[in-house]
Structures are given as structure tokens and as C-alpha cells.
Amino acid sequence: MADMEAFREAVTAWAAGGPGDAVPDAAALLSVRTVVLLEGPSDVAAVEALTGRRGRDLAAEGVCVLSMGGAMNVGRFARLLGPAGLGLRLTGLCDARERGYYARGFDAAGARHDFFVCAADLEEELIRALGAPRVCELVETEGDLRALRTFLSQPAQRGRTSEQQLRRFLGTKKGRKIHYGRVLVEALAPDAVPAPLEDLLATL
């Protein structure tokens, strides 16, 4: 297990009930000190895009950015990796509606509530920071304008704000949220990074 990606895969398999014998040694070999617990891969893409823009290599700094496959899994990951498990520092980013899962998971693991909360989710934070017109420009640049127009013509989208429509659109195709997690972050002005994301990076 020579790199952080292999470590992430091993931790994920361990949390799913597989063997975890190799994980402690790998954590020591990679000098892992902090694990960032994120709900899904789109959040990982956004965090990695922002750290990349700032010239940081989190893996080299001993920081593992980990997608848990849903906030309901936070208790399992926190127990294995936090003070009651491997003894690593835990932090993370979650949606407002998932705050309770994080609080209970961190409590059960004996970890501080060192996580940051988005108003709705990270996509909503990024869309609000950029503004709907700019996001539409990015959608066009990425070749998805026709798909967006088709989506907006659906009756279910009537009465929603442009920001709400765009947020829904990003979740309509597998992989789209991951792709735009990176695209939206890379389009941000340096002083327009949403507070939860900025605060998370400030602690790493």
C-alpha cells in the first residue's frame, strides 16, 4: 500500500466490514495525521481542486481526503479512524441536514466537533458564490447547455429559482456533480470561496 489512494481504498473496505490489518501500518508509513470525512466524491473533487489551486499537496502533508459514500456512514469511519481507533485527527464537511449524523458520529468516536456545515450542500454554496449566470456560462463551456435547457423545460422546474434549478441539474446524471465540483471551484475568485470550504482548508 504505497500511496494515499490505496490507503483510502483500504479504509473504505475496512469500514465496509473487510480486514483492516494493513491500515495502521499504512497510516504510519504515509504519515497520515488527519482524515477529512466527506459525504461523497463531488465534495472530494471540490476540496482537491481548491487545494490544488493553492499549491498544496494534502497527501504529502499527511491529510487523507475521504469519501464515505453518504453521511450516515460517518459513525463507522469516525470510530475506526478517530481517537477511539487509529487516533487520527478528524475533520470534515457536511450538508446542514446531515449535521446530526456528524455530531453523533464524532461524539461516539471521542472526537471534537471539528467539522464544517454547508447551508444546503456544497453545490448550493458554490452556485451562490459564483451566481447563476456565471454557472450557466460554465455549463455551456463544458458542453452541457443543451442538456440544461432540456432539464429546465420540465414542468417540475417551474417555480424554482435559477440557483435551485442548477443545483438539481448537477445531480441528474452520474458523474456530473463530481465533474462540476472541480469546475465550479476552479472558476471561483480567490476571495469568493464559500466559508465552510475556506474554514475547512484553514484547519488542515
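Residues numbered from 1 in each chain as written. Predicted model: local features only at pLDDT ≥ 70, side-chain atom pairs only at ≥ 80, totals over all residues. Heavy atoms only, no water.

Participant: Which residues make up the overall build of the protein, and what values go with them?
Facilitator: Of regular secondary structure, the protein possesses 11 helices and 4 strands. Radius of gyration (C-alpha) of the protein: 18 Å, near the 17 Å computed for a compact globule of 204 residues. Seen along its three principal axes, the alpha-carbon backbone of the protein occupies a region of about 50 × 35 × 30 Å. In the protein, of all internal contacts separated by at least 6 residues, the share reaching a separation of at least 24 is 71%. (Helix = DSSP H or I, 4+ residues; strand = E, 2+ residues; numbered from the N terminus. Rg over C-alpha atoms; globule rule 2.2 N^0.38 Å. Contact = heavy atoms within 4.5 Å.)

Participant: Explain the nonpolar core residue by residue, including any values.
Facilitator: Counting 37 residues, the largest nonpolar core has Val 47, Val 65, Leu 93, Leu 184 and Leu 197 as its most contacted members. Among the elements that make up this core, the one with the highest residue count is helix H3 (residues 41-53) (5 residues). Aside from chain neighbours lying at most four places away, what touches Leu 93 is Leu 37, Leu 38, Glu 39, Tyr 102, Phe 116, Cys 118, Leu 122, Pro 196, Leu 197 and Leu 200. (Core = buried A, V, L, I, M, F, W, Y, C linked by side-chain atoms within 4.5 Å. Buried < 20%, exposed > 50% of the residue type's maximum accessible area, 1.4 Å probe, protein only.)

Participant: Outline the sheet that holds strand S3 (residues 89-95), listing residues and values.
Facilitator: Spatial ordering of the open sheet is given by S2-S1-S3-S4, a layout of 4 strands whose pairing is parallel. Across the chains shown, the open sheet's two edge strands, defined by having one partner strand only, are strand S2 (63-67) and strand S4 (115-118). The sheet shows a mean angle of 15 degrees between the axes of neighbouring strands, taken without regard to direction. Strand direction decides the pairing type here: strand S1 (residues 34-38) and S2, joined by 5 bridges, are parallel. (Pairing = 2+ DSSP bridges. Axes fitted to C-alpha atoms, helices over the stretch in contact; angles between N-to-C directions.)

Participant: Just give me the short version of the pairing of S1, but keep the residues and values in it.
Facilitator: S1 sits mainly inside the fold: 5 of its 5 residues count as buried. The handedness of the S1 to S2 crossover, carried by H3, is right-handed. Pairing between S1 and S3: 5 bridges, direction parallel. Residue Thr 34 lies in a different strand from S3, and its bridge partner there is Arg 89. (Right-handed = clockwise from strand over helix to strand, strands pointing away.)

Participant: So, helix H4 (residues 74-81): which residues are in play, and what are the values?
Facilitator: The α-helix winds at 3.6 residues per turn, so residues separated by three or four positions along the chain end up facing the same way. Along H4, the positions that sit buried rather than exposed are Val 74, Phe 77, Ala 78, Leu 80 and Leu 81. Viewed along the axis of H4, the buried residues span an arc of 165 degrees, placing them on a single side of the element. On its buried face, H4 is in contact with helix H1 (4-15), S1, S2, S3 and helix H5 (99-108). (Arc of directions from axis to C-beta.)

Participant: Which residues make up the pairing of S3, and what values go with them?
Facilitator: Judged by how many residues are buried, S3 sits mostly within the fold: 6 of 7 residues are covered. Direction of pairing for S3 relative to S4: parallel, over a ladder of 4 bridges. In the sheet register, Cys 94 faces S4, and the bridge partner there is Val 117. Note that the unit made of S3, H5 and S4 has a crossover that is right-handed.

Participant: How would you explain the pattern of salt bridges if you had to name every residue and give the values?
Facilitator: Per the counting criterion, the structure on display carries 13 salt bridges. One salt bridge in this structure joins Glu 124 and Arg 128, with 3.0 Å as the shortest N-O distance. One end of the pair is Glu 124 and the other is Arg 128, both in helix H6 (residues 122-130) and 4 residues apart, which spans about a single turn. It is possible to trace a salt-bridge network through shared partners that takes in Glu 5, Arg 8, Glu 48 and Arg 182. (Salt bridge = Lys/Arg side-chain N within 4 Å of Asp/Glu carboxyl O.)

Participant: Go over helix H10 (residues 176-187) with me, naming the residues and quoting the values.
Facilitator: When the terminal C-alpha atoms of H10 are compared, their 16 Å separation across 12 residues agrees well with the 16 Å that a helix rising 1.5 Å per residue should span. Elements that come into contact with the buried residues of H10 comprise H3, H6, helix H7 (132-141), helix H8 (145-152), helix H9 (162-170) and helix H11 (195-202). (Expected span 1.5 Å × (residues − 1).)

In short, the description is geometric, and any link to function would need to be established separately.
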